[in-house]
Amino acid sequence: MTGHVDSQPSAGRWHVIGLTAYLWLLVLYAAKAYGAGAQVDSRVYWLLAGAAMLTVVVAVAGRLRGWQQSRVLLFGWPAASLVITTLVGAVASDATRELPGTITVTFAYIGLTCRRWRSLAFVPLGVLAFVVGGAKVLPGDLTTVVLAAAMWVIVAEVPAWLISRLEEQSALLRKIAQTDALTQLLNRSTLAPQLSAHAGRCSVVLIDLDNFKTYNDRHGHEAGDQLLVAFADALRWSARKEDVVFRIGGDEFLVMLVGAAHAEAERTLDRLRRRWAEAGTPVTYSAGIAAGERDLMRLADEQMYADKRSRGGLPTD
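Cut-offs and rules
- Residues numbered from 1 in each chain as written.
- Predicted model: local features only at pLDDT ≥ 70, side-chain atom pairs only at ≥ 80, totals over all residues.
- Heavy atoms only, no water.
- Phe/Tyr/Trp six-rings, centres within 6.5 Å; stacked < 30°, edge-to-face > 60°.
- Helix = DSSP H or I, 4+ residues; strand = E, 2+ residues; numbered from the N terminus.
- Buried < 20%, exposed > 50% of the residue type's maximum accessible area, 1.4 Å probe, protein only.
- Pairing = 2+ DSSP bridges.
- Expected span 1.5 Å × (residues − 1).
- Contact = heavy atoms within 4.5 Å.
- Core = buried A, V, L, I, M, F, W, Y, C linked by side-chain atoms within 4.5 Å.
- Salt bridge = Lys/Arg side-chain N within 4 Å of Asp/Glu carboxyl O.
- Axes fitted to C-alpha atoms, helices over the stretch in contact; angles between N-to-C directions.
- Parallel < 35°, antiparallel > 145°, perpendicular 65-115°, else oblique.
- Nonpolar A, V, L, I, M, F, W, Y, C, P; charged D, E, K, R; others polar.

Caption draft 1: Geometry of the packing of aromatic side chains. On inspection of all chains with the given rule, the structure shows seven aromatic pairs. With centroids separated by 6.2 Å and ring planes inclined at 45°, the aromatic side chains of Y22 and W77 adopt a geometry described as tilted. Of this pair, Y22 sits in helix α1 (residues 11-36) while W77 sits in helix α3 (residues 76-91), and the two are 55 residues apart along the sequence. Judged by relative accessible area, which is 14%, W77 ranks as buried. When the centroid spacing of 5.1 Å and the interplanar angle of 55° are considered together, the rings of F231 and F253 count as tilted. Of the two residues, F231 is situated in helix α9 (residues 221-238) and F253 in strand β3 (residues 252-258); the sequence distance between them amounts to 22 residues.

This is the structure we're talking about:
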């Protein structure tokens, strides 16, 4: 039993994590302020309550507008955390002074959700939150601030680098799994999803080399492979930039023309015929076109075999 495993949580899940962590941050500051008793400015409670209400409104609006699907907006949670730490620290530093770890956790979240080096943009805001929220005195505490900022960058950039490497390797593995090793065209594994995604809005050209087995047996597998590579190159040259080209079998190929009608598929075949004729190869091919139908593969297959029969391209053995 096989299944697909995402390399990391979806954008929606990261938004939930960010929202939850931010609300817990507000609760934590409120608890610290309450623990300090009369020493804390009462305005901090209004600030925290207002921040919580604003967060709920933004979260509901984001849910309604689909913002939870945007990875770009994930930066909002660490930015809000650093801002609220600065504001609370300015009003009542007793609520934030003993919690410098909240800034470190914020940068860890940045490293897990943002691209590499994006953490550098948050360093000034982090320094401000650390100085104000931690009641640091400059220039006396400058060394502490610089070391803390360096630690935040490391905390963010190490996971960001690891995730970037994992995503690159995953993309490479997907490409290898979806690509025909000989011709470097897409293989059959992605054909069904592509056809389903563009159902009713594409044309397909199904192509089969005539008597390829006979040619392969007579000239050897190496010559047969060279012929397949040459045909794939001709097909790639003939297709439009937006078309998707597959090798779906031993000597069977398919071109999916997204947003194109039957006439455009005919023009693609005309370009292929001229290109293949210029190559002067001894093997011909048969082709079938289907457009605007649900069962494109079946119709294209029927058209291809009708073309093959009309030209005597069916195998004699």
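Caption draft 2: Representation of the pairing of strand β2 (residues 244-247). Across the two faces of β2 the burial is the same, with V244 and F246 and V245 and R247 all buried. Here β2 runs beside β3; their pairing, made up of four bridges, is antiparallel. If you follow F246 over to β3, its bridge partner there is L254. Between β2 and the antiparallel strand that follows it, β3, lie four residues.

Caption draft 3: Examining helix α2 (residues 43-65) more closely. Given a rise of 1.5 Å per residue, 23 residues ought to cover 33 Å, and the 33 Å separating the end C-alpha atoms of α2 matches this to within 8%. Every buried residue of α2 is accounted for by V44, L48, A51, T55 and G62. Residues of α2 that are buried in the fold lie against α1 and α3.

Caption draft 4: Geometry of unusual backbone geometry. Note the cis peptide between L138 and P139, where omega equals 5°. Within the secondary structure, P139 is located in the loop between α5 (123-133) and α6 (142-178). The backbone phi angle of Q184 is positive, close to 65°, even though this residue is not glycine. Topologically, Q184 is positioned in the loop between α6 and α7 (191-197).

Caption draft 5: The nonpolar core, seen in detail. Ranked by internal contacts, the top residues of the largest apolar core, which has 27 residues, are V205, I207, F231, F253 and Y285. For this core, the elements supplying multiple residues, two or more each, are β1 (202-209), α8 (212-219), α9, β3, α10 (262-279) and β4 (285-291). The element contributing the most residues to this core is α9, with seven residues. Setting aside chain neighbours within four positions, we find I207 in contact with F231, L235, D251, E252, F253, L269, L272, Y285, S286, A287 and M304. Listed in part, the 19 residues of the second largest apolar core include L25, Y29, V40 and V44.

Caption draft 6: Main features of the pattern of salt bridges. The final tally for this structure, using the stated rule, is 15 salt bridges. Salt-bridge contacts for D217 lead to K213; the nearest nitrogen and oxygen are separated by 3.0 Å. In this pair, D217 and K213 both sit in helix α8, four residues apart, roughly one turn of the helix. Residue D270 pairs with R273 through a salt bridge whose shortest N-O separation is 3.0 Å. With D270 and R273 both in helix α10 and three residues apart, the pair spans about one turn of that helix. For D270, a relative accessible area of 33% corresponds to the partly exposed category. With a relative accessible area of 42%, R273 lands in the partly exposed category. Via salt bridges that share partners, D208, D210 and K308 belong to a single interconnected network.

Caption draft 7: Geometry of the sheet that holds β1. With antiparallel pairing, the four strands of this open sheet are ordered in space as β2-β3-β1-β4. In the strand order of this sheet, the two ends are held by β2 and β4, each with one partner. The average angle at which neighbouring strand axes cross in this sheet is 15°, direction not considered. Inspection of the sheet shows β1 paired to β4 by seven bridges, in the antiparallel sense. Paired with L209 across the bridge in β4 is Y285. Each of β1, β3 and β4 touches α10; the most contacted strand, β4, lies at about 165° to it.

Caption draft 8: Representation of the packing of α8 against α9 in the model. Packing of α8 against α9 brings their axes to within 6 Å, and their N-to-C directions diverge by 135°. On the basis of the axis angle, α8 is oblique to α9. When α8 is examined against α9, the residues F212, Y215, N216 and H219 are found in contact with a partner set consisting of H221, A223, G224, L227 and L228. Residues of the contact of α8 with α9, tallied by class, amount to five nonpolar, four polar and no charged.

Nothing here speaks to function; it is geometry throughout.
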